[in-house]
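Below, each chain spelled out in residue letters.
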Amino acid sequence: MNLVAQRGGAVHIRVGGNTQETAFLVEHLDDGKMMEKDKEDASNPTSTPVLAYTPELLYMLANVSSLINAKWYLGIPFNDTSNFRFQIAELGEAVLGDNLLGFQAANEPDLYGPHGHRAPTYSPFDFFGEYALLTQAYQGDSNVPVKNNLIAPSVSGTWTPEMIWNTGFVEAYTQYLTALAVERYPTDNCAVVFPDPNNPPHDPLQELPQYLTHQAGISITQQYTNSTMLAQTWGKPFLMFETNTASCGGFPGISDTFTSALWGVDYALQMAYSNFTGALFHFGGQNVSYNPFTAAPTNQSAFHQWTVGPIFYSSLFVAEALGQTNTSQVKDLFPNNGNDQTPAYAIYENGNLARMALINYMTDPSGANDYTATIYVGGSGFNEPNGVPASVKVKYLLAPSVSEKDNITWAGQTLGPRFEADGTFKGEENIQTIQCDQTQNMCQVKVPAPGAALVFFSDAAQQAIDPSTTQTFATTVVTKTANTVTIDPSVLATSNGQSGKNRVSQGGTSQGGANGAPHAAGLAPGAAVLTCVLAGATAFLRMFW
């Protein structure tokens, strides 16, 4: 996460979701555990366990923020409106302080009825009434010093945001709301985990082409343009509070491939263009395909490292594209007559063209579908002086094909294949310098198929987001409490072992086995983005194959 924080200025992380609704705080748990799951009381169709957690969870978040510029969203339980549990707000304010961004109160309330958490007739007006109970109780809790830090309504698409706005929700609760939020996935893969005759499985091969078009992001964001406009009139940030390639963990072959990296870049910039203030990519467990990164299983953490998912590279690309000034304005250029395979965006800072993002969804190792974007800045056609610099710098996000899972590079560097990521880039950074033709007022930038290019129109625009060094932090693990014997690999390689005839008299290696030796326990060491009328030079783009 420090990679994102160094490029974007900070990294925003949400801790919550379905689990927050039934979670409860306890002073301590047996064996010094920080968190415990009660899977026997899983309360909804997504088999979300009830969580008990200790204050150590919040102190852990604070420790992370002491190392990197991490800010946190937390969630207030909304399952019992007769007895709201505000302990996470009370302790969260005290422990996290300025590193706390806000509290989501109610996660996907439009699914409360279908998931059996409320009556099937539960409506936006019922939600409005329950939010009145929440805010009254919140106001009355003297242990919560900040009252204007709630985030809502976080609807998932079963209700539209307008159904909430039409109840007078924002006007009624504006003094408590720090931001408005929605949650949305383009589709789902839930039938694989939770079979439902009303929701047949989606074939990933049939779904794949939908992620390789510019329209994929547009089709989601255009549903919220009215709400983002209203949010500006209300003076509230508008967040995509949870999203990724497909709910219920994504699709293998899509979510864990370079497809998701290109889709993530395009989708995120399309949200910025549509006046979303921010967006959060969702994480899941070990068996989830769309994770930006995944820790090694506990029993492998001594010899395996982390795995970085392709969509994490999207976060790095977009963090660098938007920069750290918090003045970025994003314009969808719809180049090449709006070709769906070759989207492009211009990013302005302080009214000046700073960067441009170019995407090529096509896969073609022959190079025949690489394209060259010809970029004009200002010029007589816009009644402006020529604005093309003498040269531009370009960083490329590349992979051999859209189905690639491991060999993904950002400016020539990779975070490593699965089980080999330690949070630092491997290889030499390759930032290309392309000479422009100032006489013709144009720069020509090649975009491989597949790939994405981030074009910097000044050295300052590139240096402002490119850290000279990257600091990473070791993971403290408790593992290898059994089978701790090691052997020199060179000795093992030349050993013939023993014959099987005496095996019955030999000690076993399986814990609890008939011949298993007793074991000794041991410890391993441990931006607000607003699109408006663009000032300054105008960018114009042509593309050629």
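See the structure printed just above.
The paragraphs below set out a description of the structure included in this document. (Residues numbered from 1 in each chain as written. Predicted model: local features only at pLDDT ≥ 70, side-chain atom pairs only at ≥ 80, totals over all residues. Heavy atoms only, no water.)

### Focus: the pairing of strand S20 (residues 442–447)
Right, so step 1: In S20, alternate side chains face the same way, and those of Cys443, Val445 and Val447 are buried while those of Met442, Gln444 and Lys446 on the opposite face are not.
Right, so step 2: In terms of strand pairing, strand S16 (residues 371–377) meets S20 through six bridges, oriented antiparallel. Bridge pairing in S20 places Ile375 opposite Cys443. (Buried < 20%, exposed > 50% of the residue type's maximum accessible area, 1.4 Å probe, protein only. Helix = DSSP H or I, 4+ residues; strand = E, 2+ residues; numbered from the N terminus. Pairing = 2+ DSSP bridges.)

### What to know about the environment of Ser380
Right, so step 1: Within the secondary structure layout, Ser380 lies in the loop between S16 and strand S17 (391–398).
Right, so step 2: Sequence-wise, Ser380 and Asn441 are 61 residues apart; in three dimensions their C-alpha atoms are separated by 9.9 Å.

### A look at the environment of Ile151
Right, so step 1: Mapped onto the elements, Ile151 comes out in strand S7 (residues 150–155).
Right, so step 2: Taking the C-alpha atoms as reference, Ile151 lies 9.7 Å from Asn107; in sequence the two are 44 residues apart.

### Description of helix H10 (residues 225–234)
Right, so step 1: Considered for burial, the residues of H10 that qualify are Ser227, Thr228 and Ala231. Seen end-on, H10 carries its buried residues on one side only, within an arc spanning 100°.
Right, so step 2: Remark: Gly235 follows H10 within two positions and exhibits a positive phi of approximately 70°. (Arc of directions from axis to C-beta.)

### A look at helix H3 (residues 87–96)
Right, so step 1: Those residues of H3 that fall on the buried side of the exposure criterion are Ile88, Ala89, Gly92, Glu93, Val95 and Leu96.
Right, so step 2: Packing partners of the buried residues in H3 comprise strand S4 (50–53), helix H2 (56–67), strand S5 (70–76), strand S6 (100–105) and helix H4 (124–140).
Right, so step 3: Remark: Gly97 follows H3 within two positions and exhibits a positive phi of approximately 55°. (Contact = heavy atoms within 4.5 Å.)

### Let's talk about the state of the cysteines
Right, so step 1: Considering all chains together, one arrives at two disulfides under this definition.
Right, so step 2: Through a disulfide, Cys190 is tied to Cys248; the S-S separation comes to 2.0 Å. Between Cys190 and Cys248 the sulfur-sulfur dihedral comes to about 85°; the bridge is accordingly right-handed. Of this pair, Cys190 sits in helix H7 (residues 190–193) while Cys248 sits in the loop between strand S9 (238–243) and helix H11 (258–273), placing them 58 residues apart in sequence.
Right, so step 3: Given a relative accessible area of 16%, Cys190 falls into the buried group.
Right, so step 4: The residue that forms a disulfide with Cys436 is Cys443, at a sulfur-sulfur distance of 1.7 Å. Judged by the sign of its S-S torsion, about 100°, the bond between Cys436 and Cys443 is right-handed.
Right, so step 5: Take Cys443: its relative accessible area is 1%, and that puts it in the buried class. (Disulfide = S-S within 2.5 Å.)

### A short note on the pairing of S5
Right, so step 1: The buried count for S5 comes to seven of seven residues, which makes it a mostly enclosed element.
Right, so step 2: With burial as the criterion, each face of S5 is covered, one bearing Ala70, Trp72, Leu74 and Ile76 and the other bearing Lys71, Tyr73 and Gly75.
Right, so step 3: Pairing analysis gives four bridges linking strand S1 (residues 11–14) to S5, with the strands arranged parallel. Bridged to Val11 within S5 is Ala70.
Right, so step 4: Of the strand pairs in this sheet, S5 and S6 are connected by five bridges, and their pairing is parallel. Its bridge partner being in S6, Tyr73 is matched across the sheet by Gly102.

### Focus on the nonpolar core
Right, so step 1: Residues Tyr131 and Leu397 are the most contacted members of the largest nonpolar core, which totals 101 residues.
Right, so step 2: No other element matches the 10 residues that H11 contributes to this core.
Right, so step 3: Residue contacts for Tyr131: discarding those within four places in its chain leaves Phe78, Ala105, Leu150, Ile151, Ala152, Phe169, Tyr173 and Leu177.
Right, so step 4: Counting 22 residues, the second largest nonpolar core, distinct from the first, contains Ala373, Val392, Val447 and Val455. (Core = buried A, V, L, I, M, F, W, Y, C linked by side-chain atoms within 4.5 Å.)

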